[in-house]
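Topology and contacts: notes
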Amino acid sequence: MRVLTKSRFKLGLECPNKLFYTKKVEYSNQKTDDTFLQALAQGGFQVEELARMHYPNGVLIEGNDWDYERLAEQTKILLLQENIIIFEAAFFIDNLFIRTDILIKQGSNIKLIEVKAKSYSPSNDYTFIGKKGGLVSSWKSYLFDIAFQKYVIQLVYPGWSINPYLMMANKEAKASIDGLNQLFRISKQADNRTGIVKLESDISKLGTSVLGKVDISQAVEGIMTDKYKFHDNMGFIESITLLKEAYLEDRYYNWPTSYRACKSCEFKTTDTEENEGKLSGFKTCFRKQHQWTNRDFNTPNTFDIWDFRRGEKLFSEGVIFKKDITPEAIGYKEEAGKLSRTERQWIQIEKDINEDNTSYVDVDGLKQEMASWIYPFHFIDFETSTVALPFNKDRRPYEQIAFQFSHHTYHEDGTIHHASEYINNKPGVFPNFEFIRQLKKVLAADVGTIFKFAAHENTIVNAIYEQLLDSDEDDKHELIDFIQTISHSKRNSVTTWRGNRDMVDLCEVIKKYYYNPYAKGSNSIKMVLPAILKSSVFLKDKYSKAIGDIKVSSKNFDSNHIWLKIEDNEVVNPYKLLPKVFEDWTEEQIELSLSEIEDIADGGAALTAYGKLQYTDMSNQEREQLTSALLKYCELDTLAMVMILEYFKNELVI
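These notes cover the structure that comes with them. (Residues numbered from 1 in each chain as written. Predicted model: local features only at pLDDT ≥ 70, side-chain atom pairs only at ≥ 80, totals over all residues. Heavy atoms only, no water.)

We now examine unusual backbone geometry. In this chain, tyrosine 375 is followed by proline 376 through a cis amide linkage whose omega measures -5°. Relative to the helices and strands, proline 376 is located in the loop between helix H14 (363–371) and strand S11 (377–385). For asparagine 95, which is not glycine, the phi torsion reads 60° and is therefore positive. Following the sequence through the fold, asparagine 95 ends up in the loop between strand S3 (83–93) and strand S4 (96–106). In the Ramachandran plot, glutamine 291 falls in the positive-phi region, its phi being about 55° despite a non-glycine side chain. Tracing the backbone through its elements, the reader meets glutamine 291 in the loop between helix H10 (281–290) and helix H11 (294–297). (Helix = DSSP H or I, 4+ residues; strand = E, 2+ residues; numbered from the N terminus.)

What follows is about the state of the cysteines. A full pass over the atoms with the stated rule returns 0 disulfides. There is no disulfide at cysteine 15, and the cysteine sulfur nearest it, in cysteine 285, is 5.8 Å away. On the basis of relative accessibility, which here comes to 13%, the residue cysteine 15 falls in the buried class. (Disulfide = S-S within 2.5 Å. Buried < 20%, exposed > 50% of the residue type's maximum accessible area, 1.4 Å probe, protein only.)

So, about helix H23 (residues 620–652). Owing to its 3.6 residues per turn, the α-helix aligns residues three or four sequence positions apart on the same side. Between its first and last C-alpha, H23 extends 47 Å over 33 residues, near the 48 Å set by a 1.5 Å rise per residue. Summarising burial for H23: 25 of the 33 residues are buried, a large majority. (Expected span 1.5 Å × (residues − 1).)

What follows is about the nonpolar core. In this structure, Tyr543, Ile600 and Phe648 are the most contacted members of the largest nonpolar core, which totals 90 residues. If one sorts the elements of this core by residue count, H23 sits on top with 16 residues. Phenylalanine 648 has contacts with Leu366, Met370, Leu506, Val509, Ile510, Tyr514 and Val653, leaving out every residue within four places of it along the chain. Residues Leu4, Phe9, Tyr68 and Val152 belong to the second largest nonpolar core, which totals 49 residues. (Core = buried A, V, L, I, M, F, W, Y, C linked by side-chain atoms within 4.5 Å. Contact = heavy atoms within 4.5 Å.)

Turning next to the sheet that holds strand S15 (residues 504–505). The strand order across the open sheet formed by 5 strands is S13-S12-S11-S14-S15, and the pairing between neighbours is mixed. Edge positions in the sheet fall to strand S13 (416–423) and S15, since each of these pairs with one other strand and no more. As judged from the 9 bridges shared by S11 and strand S12 (residues 401–410), these two strands associate in the antiparallel manner. The partner of glutamate 383 across the bridge, within S12, is glutamine 404. The strands touched by H23 within the sheet are S11, S12, S13 and strand S14 (450–452), with S12 carrying the most contacts at an inclination of about 40°. (Pairing = 2+ DSSP bridges. Axes fitted to C-alpha atoms, helices over the stretch in contact; angles between N-to-C directions.)

This next bit is on the side chain of arginine 395. Assignment of secondary structure puts arginine 395 in the loop between S11 and S12. At 2.8 Å, the side chain of arginine 395 and the side chain of glutamate 399 are in polar contact. Apart from the residues lying within four places of it in its own chain, the contact partners of arginine 395 are Ala173, Lys174, Ala175, Pro390, Phe430 and Gln467. (Polar contact = N/O pair within 3.5 Å; in protein donor to acceptor, adjacent residues only side chain to side chain.)

Listed below in structure tokens is the structure:
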């Protein structure tokens, strides 16, 4: 039976064409493999389980997930009671189906509570409706979701008075116990929808709640009366009708393509998936609406142009292919001493049109930049976590946790050391202050230039700065002073500073002076590194040898380890060569493990692994395996920066 559920309604609002592709195994969906999204979903399930504990008399309807009529009938029987609380209440009418997180019935008065792993500040009066009177964009889809739920319930019970609420993390609340997060275990062994095993059933044991409930009646009413629209040309009830009909008929909706929506479409195929016969929803849309042929898909288009702010406008004018773009169309403008945003875009456009895979480098600009750097060079990378339910007492929801760093040094004679590393793998320990102490210890010994990649590290030390201000640490002022030497203050900081060793952002250096077509417009280190490796004779020659032979020290790999492998004349991305977490374990050992993590090759997997390390009952052996995998992953992140520096130094500015 095909029904329009709330999740499908939300998906259809993003783009009605997605309803044709969703859940079809022949179509690729990139969101299913996104480890960051998976971590967010798991955090959402934890919050949902905690929210239920606020209502200990609630009745859970579970099982029979695809039997819509049976679930609705179970709900209907429970609702015969004058007063009742139901978790996962189901409502089914006119091929519309919803399940509510928490429904509180008191006679004909209903509280509809949607639980989200998002956060809010009670002191902010403009969380949902902005100062200009419109819906805040980051909340729009969630509010339409709840409006849809209210609409369906009202169809079934027109006499009810329904008040909608959001229950979510209160950013101003503090956990009053240690280990709150770990009382809600994420496990494949859980026999429920959320995949959460609760270790505590009595909410009084959890201390002060970090969740809050917010009345969103005003926003939902505005949606249902079309004061607030998701799409300007479609009313709320009209959208339900049209999306339902398209989904029930399994009909391609033919919603017009757009630059922004199509650029971020998840129904795209990777090269590997394409070779395996997977279908692309993106390609289906462009074949149907623009009559694109295979040749068109191989013609460079505007979707991968970096930071392309005029993309939407040009797309609406029918300009999709790079060959049709002029410098005037992108607002081309040069800047002294570095690549401007539009200069960089034009380089990308020209190289793609001409099938020119050679790199662009502003040698003079890069030389001048590098001349300001002081040896020894220090390369640092942080692994961090933010979770809705705090790991530690006195911490707030979504507060930054810095649990690991890696640190490489590059000396003037070309010597490379994996100089130091730090990781907190002890459950119940708030790591941030020890993290910054250890960082100070290894960076304060000289005045060498410190490198990061992107803004993350500066954001984290600013967060620790604020945590220190609110702390009673004996060395807080010493640590604050250190933070101010290696960073710059964020925009809204009460105190402003820019340190004399403010970390150099290699990502910004690349944006200013270098472009590699193999990175396909991306400036992510996960794309830049493979692109540079593909282009660099020096790096391929050096790192295809054992690290012991090339005198690159490592704290986590033996001297025989080789970082680069060539397969079919292509460099294999080093991140794909990282070993499995439990590579040497037996099937039985893996089966008995608590973490259920297979590999750590990106930040999403790393933050999930840290959450698992908070398990107090994890064996020492498993804890060591997870720790080892995290250390290896983080080491590669800083070595990747070293490789980029070596490429600059040995091939670009010699």
